[in-house]
Amino acid sequence: MEDHHQEHQAVPSDLTLRVRALESLLVEKGLVERAALDALIDTYEHKIGPRNGARVIARAWVDPAYKQRLLTDATAAIAELGYGGLGGDHMVVVENTPKVHNVVVCTLCSCYPWPVLGLPPVWYKSAPYRSRVVINPREVLREFGLELPEDVGVRVWDSTAELRYLVLPERPAGTADLSEESLAALVTRDSMIGVAKVKLIGKEGCV
Amino acid sequence: MNGVHDMGGMHGMGPIDYEKNEPVFHQHWESRAFALTRAMSAWRKWPGDASRHQRELIPAAEYLRMSYYEKWITALVELLLKNGLITAAELESGVPATDSPKSIPSLTADRVPRVVAQGGPASRDIPVVPRFQVGQRVRARNMHPDGHTRLPRYVRAKLGTIERDHGVFVFPDTNAHHLGEKPQHVYSVCFPARDLWGEQASLHDAVYLDLWDDYLEPA
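Residues numbered from 1 in each chain as written. Chains lettered and ligands numbered in written order. Predicted model: local features only at pLDDT ≥ 70, side-chain atom pairs only at ≥ 80, totals over all residues.

1. Regarding the environment of Gly 118 of chain A
Phase 1 of the analysis: As for its position among the elements, Gly 118 of chain A is in the loop between helix H6 (114-117) and helix H7 (122-125).
Phase 2 of the analysis: Between the alpha carbons of Gly 118 of chain A and Asp 38 of chain A there is a distance of 16 Å; along the sequence they are 80 residues apart.
Phase 3 of the analysis: In this structure, Gly 118 of chain A is in contact with Tyr 44, Ile 48, Gly 49 and Pro 50 of chain A together with Val 24 of chain B, ignoring residues within four places of it in sequence. (Helix = DSSP H or I, 4+ residues; strand = E, 2+ residues; numbered from the N terminus. Contact = placed C-beta atoms within 7 Å.)

2. Regarding the packing of helix H2 (residues 48-56) of chain B against helix H4 (residues 68-82) of chain B
All names here are of chain B.
Phase 1 of the analysis: Contact pair H2 / H4: the axes reach a minimum separation of 9 Å and the direction vectors enclose 110°. With respect to their mutual orientation, H2 and H4 come out roughly perpendicular. For H2 against H4, the interelement crossing comes out right-handed. On H4, the residues that touch Ala 50, Ser 51, Gln 54 and Arg 55 of H2 are Lys 71, Ala 75, Glu 78 and Leu 79.
Phase 2 of the analysis: Looking at the contact of H2 with H4, its residues break down into three nonpolar, two polar and three charged. (Axes fitted to C-alpha atoms, helices over the stretch in contact; angles between N-to-C directions. Parallel < 35°, antiparallel > 145°, perpendicular 65-115°, else oblique. Left-handed = near helix turned anticlockwise from the far one by under 90°. Nonpolar A, V, L, I, M, F, W, Y, C, P; charged D, E, K, R; others polar.)

3. Some remarks on the nonpolar core
Phase 1 of the analysis: Within the largest apolar cluster, 114 residues are counted, with the highest numbers of intra-cluster contacts made by Leu 36 and Leu 211 of chain B.
Phase 2 of the analysis: Not counting the four nearest positions on each side in its chain, Leu 211 of chain B is found in contact with Thr 160 of chain A together with Ala 140, Leu 151, Val 186, Tyr 187, Val 189 and Leu 216 of chain B. (Core = buried A, V, L, I, M, F, W, Y, C linked by C-beta atoms within 7 Å. Buried ≥ 20, exposed ≤ 12 C-beta atoms within 10 Å, placed from the backbone.)

4. Describing the interface of chain B and chain A
Phase 1 of the analysis: Contact residues are listed per partner, giving 73 residues for chain B and 71 residues for chain A.
Phase 2 of the analysis: Going through the elements one at a time, helix H1 (28-41), H2, H4, helix H6 (112-118), strand E2 (159-169) and strand E4 (206-212) of chain B are the ones with two or more residues in the side of chain B that touches chain A.
Phase 3 of the analysis: If you tally residues by element for the side of chain B that touches chain A, the top one is H1 of chain B, at 10 residues.
Phase 4 of the analysis: Of the residues belonging to the side of chain B that touches chain A, the class tally is 41 nonpolar, 18 polar and 14 charged.
Phase 5 of the analysis: As judged from the four bridges shared by strand E3 (residues 153-158) of chain A and E4 of chain B, these two strands associate in the parallel manner. Residue pairing across strands places Trp 157 of chain A opposite Tyr 208 of chain B, the latter belonging to E4 of chain B. (Pairing = 2+ DSSP bridges.)

5. Remarks on helix H3 (residues 50-62) of chain A
All names here are of chain A.
Phase 1 of the analysis: For H3, built from 13 residues, the straight-helix expectation of 18 Å at 1.5 Å per residue is met to within 8% by its first-to-last C-alpha distance of 19 Å.
Phase 2 of the analysis: The buried fraction of H3 is high, at 10 of 13 residues.
Phase 3 of the analysis: Taken residue by residue, H3 has Pro 50, Asn 52, Gly 53, Ala 54, Arg 55, Val 56, Ile 57, Ala 58, Ala 60 and Trp 61 as its buried positions.
Phase 4 of the analysis: In this structure, the buried residues of H3 make contact with helix H4 (64-72), helix H5 (74-80), H6, strand E4 (163-168), helix H10 (180-186) and helix H11 (189-193). (Expected span 1.5 Å × (residues − 1).)

6. Regarding the pairing of E4 of chain A
Residue and element names in this part refer to chain A.
Phase 1 of the analysis: Burial of E4 is extensive: six of the six residues sit out of reach of the surface.
Phase 2 of the analysis: Every second residue of E4 is oriented toward a common face, with Leu 163, Tyr 165 and Val 167 on one face and Arg 164, Leu 166 and Leu 168 on the other, all of them buried.
Phase 3 of the analysis: Here strand E1 (residues 90-95) pairs with E4 via six bridges, running parallel. Opposite Val 92, over in E4, you have Tyr 165 as the bridge partner.

By themselves, these observations are geometric and do not establish any function.
This is how it looks when you write it as structure tokens:
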């Protein structure tokens with residue numbers, strides 16, 4: 001397979017060469033199948049991502065019984081929509097309210113709910129986020145553009161075990177007449193990590 | 001181990017670098033490093049805990065310098081060598097040794113959807129008596145193992161409250177070292193932010209961690 005992302009480079013990077021050599025060796029030894037690698041990459045580039053999580057959130061907003069199941073047994077409730085498995089075997093959903101804001105991190109590595117959010121963005125796995133959000137969550141959230149009143153409690157969830165966390169954001173005001181599908185379109189990855197709120201798209205008061 | 005990977009609460013790591021419309025992989029080799037790591041784990045020669053620990057073993061300066069998937073591929077090579085799936089000579093030459101048996105790949109493309117959907121639960125459906133109850137005050141143990149642990153330094157010796165019992169899970173401190181699963185209860189434990197960080201923290205804030213029985217003692 002060609003390195004199409006790097007074809008502008010005259011000389012492939014050291015990492016390109018190292019990974020290519022390792023893949024070639026493992027294929028030669030019969031330890032991996034190239035088509036399986038392609039299928040794994042295709043899964044996380046095109047099939048599993050934050051749209052899955054957004055559907056979970058929208059369902060919880062329109063269906064109070066589903067929301068209750070989601071908060072009680074998130075793994076089972078998320079499986080109802082067909083999501084689960086690798087990187088998210090054990091799910092927990094934490095609910096934002098006018099008095100509580102939740103934000104998720106993995107200070108020790110990069111744990112993240114793959115089945116509902118896909119693979120994590122670089123900033124989530126990076127030292128600045130991992131080191132700072134537990135000690136100074138309000139400052140970190142401010143950098144993401146989220147200023148929280150002092151009396152709103154911030155709960156930081158450090159994913160130290162095999163439980164994976166998804167934030168249930170507050171449903172924005174003025175969305176009473178939106179369909180479940182339209183609601184899902186409003187839900188961003190960042191709002192489900194807890195570094196943003198869900199906002200109405202478009203000018204305020206015009207939606 | 002008290003490694004640099006255990007960075008919760010550290011200063012000096014710089015600003016958060018946010019990228020809009022970030023691609024899943026930035027370079028082709030990153031996607032291959034990711035897929036190779038997942039495909040090789042299908043051989044079940046090592047648990048996920050061992051993969052995590054192998055990344056922690058990357059020397060501190062290198063750990064901080066390397067990009068995410070560079071850590072993955074570095075750890076994968078070490079695991080392949082340690083577990084005898086490749087030899088140093090093969091790694092050097094890039095070709096299988098002449099006497100190397102040809103395997104049949106453990107993970108084939110047709111099995112990928114099922115493997116992804118099934119995952120690999122770390123819970124164990126066996127009766128283990130919980131050492132703590134919801135609502136109980138606990139102290140995170142002041143322990144400093146030089147092997148793998150999922151008890152971050154920033155909560156050790158701190159007081160918290162058991163908020164939820166998640167059930168019985170494999171214990172990473174032994175499992176990462178092939179010393180058995182030692183299944184035990186994992187709890188969501190709430191630590192008030194002020195107890196962790198002092199006056200600078202808001203009275204309203206808290207940090208929640210998922211901690212195993214062996215990390216806790218009665219307060």
